[in-house]
Amino acid sequence: MISIRYKNLAPGMHAEAETAAAGVVVYLLPGLTPDQRKAALRRLRQEGSRGCGPHLPAAQLTAALAADRLRTGVQSTTGAVRHHPVRTLVPAVLAGGLLAAFVFASMYARVDSASPGPAPGGAASWTVPVSPADQGSSSRVPGRPPAPRAAPRQDPARGSSRGAATTRALPTRP
């Protein structure tokens, strides 16, 4: 396991790696620029691959650097809160509000309506089914409900067709 620590090193040295009981410890000079830090870590990995120092696998080194970044961020936040808690109140409230807005926006709700709502502008509009022959015409007719469909005619000798409505006259009383 690799861990990252900071200490003052010999002049001209930006980083060094040592084998310890818990794994490999990488010591970095505090206050390095990102380019200097990157170059120092690259030099340590090259030395380790050539046998001049402990071996530093890329995945373990990346995990150690991520843990170091997290630890440094927590230390900075703790120092800011220790300095003055009110300075951190506004960002904390903002972060909490954004989190609440995200949770609220990701909730699922389904609203069913029994009747069609009004069209924009206040006029009622209805959706009328379009037959294949009327493909070129508009399917929305503002202001009027859909026209009823005419029942298909049937021949009494052939019986009722599938899907067609059967109509019979009701007997009347004298």
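Details of the structure are given in the entry above.
*Asks:* Help me understand the packing of helix α2 (residues 58–83) against helix α3 (residues 85–105), please; the structure alone is not making it clear to me.
*Replies:* What describes two packed helices is the angle between their axes and the distance between those same axes. Where α2 meets α3, the axes come as close as 5 Å, and the angle between the chain directions of the two elements is 120°. Accordingly, the angle class assigned to the pair α2 and α3 is oblique. Of the residues in α3, those in contact with Ala80, Val81 and His83 of α2 are Pro85, Arg87 and Thr88.

*Asks:* Help me out: how do you make sense of α2 in this one?
*Replies:* Residues lying three or four places apart along an α-helix face the same way, a consequence of the helix completing one turn every 3.6 residues. End to end, α2 covers 37 Å across 26 residues, agreeing with the expected 38 Å (1.5 Å per residue, within 8%). Every buried residue of α2 is listed here: Leu61, Ala64 and Asp68.

*Asks:* Before we go on, may I ask you to explain the sheet that holds strand β2 (residues 15–20) in this structure?
*Replies:* The strands that make up a sheet are held in pairs by hydrogen bonds between backbone atoms, and each pair lies either parallel or antiparallel. Ordered in space as β1-β3-β2, the 3 strands form an open sheet in which the pairing is mixed. Edge positions in the open sheet fall to β1 (2–6) and β2, since each of these has one partner strand only. Direction aside, neighbouring strands of the sheet carry axes that sit 25° apart on average. In terms of strand pairing, β1 meets strand β3 (residues 23–28) through 5 bridges, oriented parallel. The residue of β3 that forms the bridge with Ile2 is Val24. Contacts from helix α1 (residues 34–49) reach β1, β2 and β3 within the one sheet, and its direction differs from that of β2 by about 45°.

*Asks:* Would you mind showing me how to read the pattern of salt bridges here?
*Replies:* Two side chains that carry opposite charge are able to pair once their charged atoms sit near each other. Considering all chains together, one arrives at 4 salt bridges under this definition. The residue Arg43 makes a salt bridge to Glu47 at a minimum N-O spacing of 2.7 Å. In this pair, Arg43 and Glu47 are both assigned in helix α1, 4 residues apart and thus about one turn of the helix distant. Residues participating in the shared-partner salt-bridge network are Arg37, Asp68 and Arg71.

*Asks:* Help me understand a nonpolar patch on the surface, please; the structure alone is not making it clear to me.
*Replies:* A cluster of nonpolar side chains, namely Val86, Leu89 and Val93, defines an oily patch on the protein surface of about 290 Å² accessible area. Of note, Val93 is situated in helix α3. Accessibility expressed as a relative area gives 55% for Val93, which makes it exposed.

Rules of the game
- Residues numbered from 1 in each chain as written.
- Predicted model: local features only at pLDDT ≥ 70, side-chain atom pairs only at ≥ 80, totals over all residues.
- Heavy atoms only, no water.
- Axes fitted to C-alpha atoms, helices over the stretch in contact; angles between N-to-C directions.
- Helix = DSSP H or I, 4+ residues; strand = E, 2+ residues; numbered from the N terminus.
- Parallel < 35°, antiparallel > 145°, perpendicular 65-115°, else oblique.
- Contact = heavy atoms within 4.5 Å.
- Expected span 1.5 Å × (residues − 1).
- Buried < 20%, exposed > 50% of the residue type's maximum accessible area, 1.4 Å probe, protein only.
- Pairing = 2+ DSSP bridges.
- Salt bridge = Lys/Arg side-chain N within 4 Å of Asp/Glu carboxyl O.
- Patch = residues over 30% accessible without salt bridge, like charges linked within 9 Å, V, L, I, M, F, W, Y side chains within 5 Å.
- Areas by Shrake-Rupley, 256 points an atom, 1.4 Å probe, with all protein chains shown as cover.

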